[in-house]
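As a plain string of letters, each chain reads:
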Amino acid sequence: AGVASCPANSCPFRSPRSPRLTLLESVLLPGPRPTAGGMEFSELIRTGQAQAELLRGPEMPPLRGTLCVTGHHLLLSPGPQATPDLWLLLLRSVDSIEKRVAGDAGTITLRCKDLRVLQLDIEGVEATLDIARSIEALSSLESVITSFPFFYRPKGLRLGEAWHFHPPERYYKRIARETRAWRLSEANEDFSLCPSYPRAVIVPRAVDDDALARSARFRQGGRFPVLSYYHAPRGTVLLRSSQPLTGPQKLRCAEDEELLRAVLAEARPGARGFIVDTRSAQAAKQARMTGGGTEAKAAYPGWKRLHRPLERGRPLQESFVRLMEACGDPEQSMDRWLSRLDGCRWLSHVKEALSTACLAAQGMEWEGACILVHGAEGTDSTLLVTSLAQLILDPLSRTMAGFQELIEREWIQAGHPFQLRCAHSAFSHTRPKHEAPIFLLFLDCVWQLGRQFPLSLEFGEGMLLALFDHSYASPFGTFLCNSEKERCLCEVRTRTHSLWSGLNQPKEQRKLRNPLYVPNPLAIWPSVEPQSLRLWQGDPLSLLLPGGVLPSAQLPYLSSSSSSGLFLRWTHPPEPSEVAWEKVWQIATDQKTEGSQPTDSASQPQP
Amino acid sequence: GEQLLCEASTVLKCVQEDSCQRGIYGRLVCTDFKIAFLGDDESALDNDETQFKNKVIGENDITLHCVDQIYGVFDEKKKTLFGQLKKYPEKLIIHCKDLRVFHFCLRYTKEEEVKRIVSGIIHHTQAPKLLKRLFLFSYATAAQNHTATDPKNHAVMFDTLQDWCWELERTKGNMKYKAVSVNEGYKVCERLPAYFVVPTPLPEEDVPRFHGHGIPIWCWSCHSGCALLKMSALPKEQDDGVLQIQKNFLDGIYKTIHRPPYEIVKTEDLSSNFLSLQEIQTAYSKFKQLFLIDNSTEFWDTDIKWFSLLESSSWLDIIRRCLKKAIEIIECLEAQNMNVLLLEENASDLCCLVSSLVQVMMDPHCRTRFGFQSLVQKEWIVGGHCFLDRCNHLRQSDKEEVPVFLLFLDCVWQLVHQHPPAFEFTETYLTVLSDSLYIPIFSTFFFNSPHQKDTNMGREGQGAQSKPLNLLTVWDWSVQFEPKAQTLLKNPLYVEKPKLDKGQRKGTHFKHQRQLSLPLTQSKSSPKRGFFREETDHLIKNLLGKRISKLINSSEELQDNFREFYDSWRSKPPNYHGLLLPHIEGPEIKVWAQRYLRWIPEAQILGGGRVATLSKLLETMEEVQRLQEKIEERHHSQEALQAEAASLLRTSARLSSLFPFALLQRHSSKPVLPTSGWKALGDEEDLAKREDEFVDLGDV
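Reading the values: rules and limits
- Residues numbered from 1 in each chain as written.
- Chains lettered and ligands numbered in written order.
- Predicted model: local features only at pLDDT ≥ 70, side-chain atom pairs only at ≥ 80, totals over all residues.
- Heavy atoms only, no water.
- UniProt positions renumbered as here; feature names shortened; annotations may be inferred.
- Helix = DSSP H or I, 4+ residues; strand = E, 2+ residues; numbered from the N terminus.
- Contact = heavy atoms within 4.5 Å.
- Domains from an automatic or database assignment.
- Salt bridge = Lys/Arg side-chain N within 4 Å of Asp/Glu carboxyl O.
- Polar contact = N/O pair within 3.5 Å; in protein donor to acceptor, adjacent residues only side chain to side chain.
- Nonpolar A, V, L, I, M, F, W, Y, C, P; charged D, E, K, R; others polar.
- Buried area = accessible area lost by both parts, 1.4 Å probe.
- Buried < 20%, exposed > 50% of the residue type's maximum accessible area, 1.4 Å probe, protein only.
- Disulfide = S-S within 2.5 Å.
- Pairing = 2+ DSSP bridges.
- Axes fitted to C-alpha atoms, helices over the stretch in contact; angles between N-to-C directions.

- Named according to an unreviewed UniProt entry, chain B is Myotubularin-related protein 12 originating from Sousa chinensis.
- Annotation of chain B in UniProt includes, under Subunit (unreviewed entry), the sentence "Heterodimer with lipid phosphatase MTM1. Heterodimer with lipid phosphatase MTMR2."
- In its Sequence similarities (unreviewed entry) section, UniProt records this for chain B: "Belongs to the protein-tyrosine phosphatase family. Non-receptor class myotubularin subfamily."

- Going by an unreviewed UniProt entry, chain A carries the name Myotubularin phosphatase domain-containing protein and comes from Sousa chinensis.

Below, the structure is given as structure tokens:
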């Protein structure tokens, strides 16, 4: 496709501040147009524009203006005098669409992946139906290389920036300073051992690349055990892999056994290890019938197996859908609310994830044991547990840079299939296939940590909200594709911008940081019982800081406007005490303005 | 005046620690004031952790009034203990009203001592008592020489005519209402206080006609001149003649309070269309069971059912309904310019609750500590809430025991939690206030009415004791806490209302604007004749006891008005010195963790929680203050900044989220995991082994 030649100015954000539609059109649809699988986008757009009114929720004023569908966006131009002068929505973030017509007008309800619900009242029945059909077609395009990140060229950012911030090599350098027991292996250079691993992985020094290849053949998807985290204070390690392919015949693999033996031998003489299987013992046994299974005790001396069943896949997605149904209910009466919250079981998933992570962390910190985490594929709940355990133990991963590195290393490079898992959010009418909000569950767990330890995370809730939004639909390339291999094939690194470079701009950082952060060198042990866990919603004393509702002119996608937590952020107006928190923020940073001091003495007039 | 009643030695107090049991040997004593456990090894009990020490009640003390239930363990079986016992238990479990749970193992105690202590404790905590036998009196007699600080320093006591006049003046209600002394010496009615406030034109001779029933009594006036009134219902009568008299009487009353300058009166009948005391009682008794936990296994077991258990108690729903009712009333006062008349049988339970909630939300003065204490004094103590019966201090009737006051505190806590900067006091203040209900050295919560208090204040004392007893008031916090601990009762985030200097004319103007910034839909308040008639009839029907229930004809309209009012308030940034409404959506009503969860070690987060945020904030604010001081050094800033505030918070690096409570737990930095976690590793190992064995068998 002629995508590469698409001019940089095909992006609407370089357009003048008050664009008129004609100008917009000429900017958006000129010359070599982006194509969708050989078909031009324009063929999918049935109606270019219509007059419409947009309702954005209870506390926002409605917007009237000209509605326009482009290849990647829905635009509403309320006219040159209005503020904001242009409203736009990435079509990819539309999760489901409903249309209704009555008389000579129609209504389109858009439910977005970021859990927003938007209503468009459009003049003209034909226009309504056409626009609805266009949105439907364009929002469900599956091709990666025609997606918006490949065309997004924001001002002030350079391509290729920040893509090399967080590869495994960087983490290896950190470990190498502490221990000689591990090495960086490039056995997966061409993704032949394991398509979902990055090119370089960290493995025991004593194990050579051939052994790795054999071990890879014994593990589902080639995901042999690799180092996830080195806990320097105790010299223990956290590993992750996929299930061994023991199958009904109880197959064994000498190299795989050797690999795990080497891990224990390197840690310290007589070290113990625990295999945390994220499935129930029953499920692990059943997996044998389909070629999977779990490590037999006799074959792995020194390793003990623990089963901590975590929900994944469809039940998790359904839990998310039910939670959003409960949250979207306009009349949340008390009695129904609690039983619905209980019924959707979301918080018990949070609890299970956190307590399993605690278990793994506890094993490393208190028992001095090495931990191997795996479930079946090792790309979902496994990553959830390993990344949370690191947040609990490792003060570095609680910094802004460290957290980004953790996401990059433990989720993106570790092969969490974002494209499959985040294809739809909670509102989709289509039957879920591979969708599961496992990354959202991770973010929720981090939010719980942040709520319980309000000073210990350098990033605030804004960061978590931004990550949630971008994991489902983003103008940046970071969460595209399912694995490093696919990203290489699509040249994501060279042709899209990295989310991290977007987020690390100074003016974005203000919204993402926790103003109360104090480095905490200790482990943070969360309380995991249901009395301590909360639904991710606004808490007057949480770290929610107002992000500012106005989008910044250059990077309209980066402004997450809300601070009512995640699940209720569009239905409930932001907490009033944010005004106070704005002040807290002002105090905590040096951007203090006149008259914002909280004490009386501040307002004393100067004599 | 404390007397030892019985004691037992070598009692083992069991403490849960890191999911294993630990015991401390000591003496268990029961006095006429409290049950106390005195450890043999004093140092182990009293270490320096107890910064927030209560001077009256120690960590191992339980006042007799604080005991809720006593259980005995017989051969591993738990049974409620009451009355005469045939067999004595090997373990005593005491559930307290402040939700502490004590385990005392009596296995190593001499048998006769066991008999004596167990029956002693049961007798002294559960047998009905006479008012005169309360510890309060023996304490006051013994502590006669202690000079109590003047209660007026802590709150307006509302026991003089002057106090009421001040309150009228403060709320600018003195134009239409007057304080009367018709009940001086409780001549008219023992239920009412000696002084109270009624509408000015009301003839004073009307008050005694039905012993104070059917008289509209003033609670509070809001800035617009509308007032909140309360009235106790007339007794139900069958006789038509009497009914006619009652009707005429009420007609007369109604005419006086309707005529201008009075606004239209809206009646809120709290005894028929609102909560019942029975509901509150049932809900709380279910709710508290969620927190009275005997051991951690039991605690983890409730995990999966937590939300459904919480919901089935419907305690949170009751809180929500109270808050909602208060907002509805505020809407009438504020937006519709109506007077609101609260009606209840004795006007001493839900009336107190609703009217004080309204005042907390509308009157910023009630959000200061002094104002809040005065409010409790006005609406609850002098207002005649039957604390003695509602707390069941005399153990005379369990039926009467209803935690109405606690419900009020929980409602206020929701507000404090949602709007932290608006209150001068903290949640810790509310928690210790709720604990003080059961400390029988304060007279505040131990009488049913001011009359009862006055008649029992040493009038019977002969000879030497001619002067009235000197009873302590709970508002003197220095009795319970050292000054250092008292800083924890004060909210460091609270910003006082800017004082209006003469030089700050702008400020005055601003204030005025603020008050008017509320949605006043004046047009709606134009008196409609039909509406008035209907309302009168309605009122009279209600008052006469012929309650045609659910006769709220305008309920739909009311709902709309309510929504509109509520939404329009929510859409503005809150003014912490103006009207303050709570969020009442389901997800916004929370469990008051500090009060209910504080003794459960599993629920605490070491080094985390809100406490951490607060202490950090304090630090930052102090720093800002210090910097400002430096800036203003040359102006000689007249204000002494309280930099010492909550130094307690700062000294400890890793505070528990349940700070300042949860001190029973020795601080360990081990994580707390369900018992199915690391501790139960053995079981899982077995499981893994078994499975492997099974596998091996399959191979053969």
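Moving on from the coordinates now.
Examining the environment of F158(B)
Residues and elements named next belong to chain B.
- Tracing the chain through its elements places F158 in the loop between α3 (135-142) and α4 (161-170).
- As a C-alpha pair, F158 and K378 span 220 residues in sequence and 6.0 Å in three-dimensional space.
- What F158 contacts, discounting residues up to four positions off in sequence, is D163, W164, E167, S374, Q377, K378 and V382.

Quick word on the domain arrangement of chain B
Residue and element names in this part refer to chain B.
- Partitioning chain B into structural domains gives domain 1 (4-44 + 51-127), domain 2 (161-458 + 469-488) and domain 3 (606-632).
- Taken together, the contacts link 29 residues of domain 1 with 28 residues of domain 2.
- Put simply, K97 and E401 hold a salt bridge, and the shortest N to O gap is 3.3 Å.
- In this assembly, domain 1 and domain 2 are joined by 7 residue pairs in polar contact (both at pLDDT 80 or more).
- For the side of domain 1 that touches domain 2, the elements supplying multiple residues, two or more each, are β5 (67-74), β7 (91-96), β8 (101-105) and α2 (111-126).
- The greatest single-element share of the side of domain 1 that touches domain 2, amounting to 3 residues, is contributed by β7.
- Of the residues that constitute the side of domain 1 that touches domain 2, the class distribution is 12 nonpolar, 10 polar and 7 charged.

So, the domain arrangement of chain A
All names here are of chain A.
- Under the domain assignment used here, chain A contains domain 1 (44-141) and domain 2 (168-532).
- For domain 1 versus domain 2, the separation of C-alpha centres amounts to 37 Å.
- Contacts between the two partners involve 13 residues from domain 1, matched on the other side by 15 residues from domain 2.
- Here domain 1 packs against domain 2, burying approximately 1,100 Å² in sum over the two surfaces, 65% of which is carbon and sulfur.
- By the criterion of area lost to domain 2, the three top residues of domain 1 are D95, K113 and L115, representing 53% of everything that side buries.
- Linking domain 1 to domain 2 there are 0 salt bridges.
- Taken together, the connections running from domain 1 to domain 2 amount to 7 residue pairs in polar contact (both at pLDDT 80 or more).
- For the side of domain 1 that touches domain 2, the leading source of residues is strand β7 (residues 94-102), giving 3 residues.
- For the side of domain 1 that touches domain 2, the residue count by class is 4 nonpolar, 2 polar and 7 charged.

Structural notes on the side chain of E257(A)
- Along the chain, E257(A) turns up in helix α6 (residues 254-267).
- You can call E257(A) buried: its relative accessible area is 9%.

Description of the state of the cysteines
Residues and elements named next belong to chain A.
- Under the counting rule described, the total for this entry stands at 0 disulfides over all chains.
- C253 carries a free sulfur, and the closest cysteine sulfur to it, the one in C194, is 15 Å from it.
- Using a relative accessible area of 7% as the deciding quantity, one classes C253 as buried.

Re the pattern of salt bridges
Residue and element names in this part refer to chain A.
- Evaluation of the coordinates by the stated rule reveals 45 salt bridges over all chains.
- When the shortest N-O distance is used, the salt bridge between E255 and R214 registers 3.2 Å. On the criterion of sequence distance, the pair formed by E255 in helix α6 and R214 in helix α5 (residues 209-218) is long-range, its members being 41 residues apart.
- With a relative accessible area of 21%, E255 lands in the partly exposed category.
- Given a relative accessible area of 40%, R214 falls into the partly exposed group.

Quick word on the sheet that holds strand β9 (residues 117-123) of chain A
Residue and element names in this part refer to chain A.
- Taken together, 7 strands build an open sheet; the order of strands is β6-β5-β4-β3-β9-β8-β7 and the sheet is antiparallel. The open sheet terminates on both sides in strands that have one partner only, identified here as β6 (87-90) and β7. Shown here is a sheet whose adjacent strand axes are inclined to one another by a mean of 30 degrees, direction ignored.

Quick word on the sheet that holds strand β16 (residues 370-374) of chain A
All names here are of chain A.
- The 5 strands lie next to each other as β12-β13-β16-β14-β15, forming an open sheet whose pairing is mixed. Every interior strand has two partners, whereas the edge strands, β12 (226-231) and β15 (303-307), have only one. Strand after strand, the sheet turns through a mean of 20 degrees between neighbouring axes, direction not considered.
- Relative to strand β13 (residues 236-240), β12 is paired through 5 bridges, and the arrangement is antiparallel. Looking at β13, one finds that Y229 is bridged to L238.

Quick look at the pairing of β8(B)
Residue and element names in this part refer to chain B.
- Of all 5 residues in β8, 4 are buried, a share of seventy percent or more.
- Pairing analysis gives 5 bridges linking β7 to β8, with the strands arranged antiparallel. By the bridge assignment, K91 is partnered in β8 with C105.
- With antiparallel pairing between neighbouring strands as the criterion, β7 and β8 make up a hairpin whose turn holds 4 residues, including L99 at a positive phi of roughly 75 degrees.

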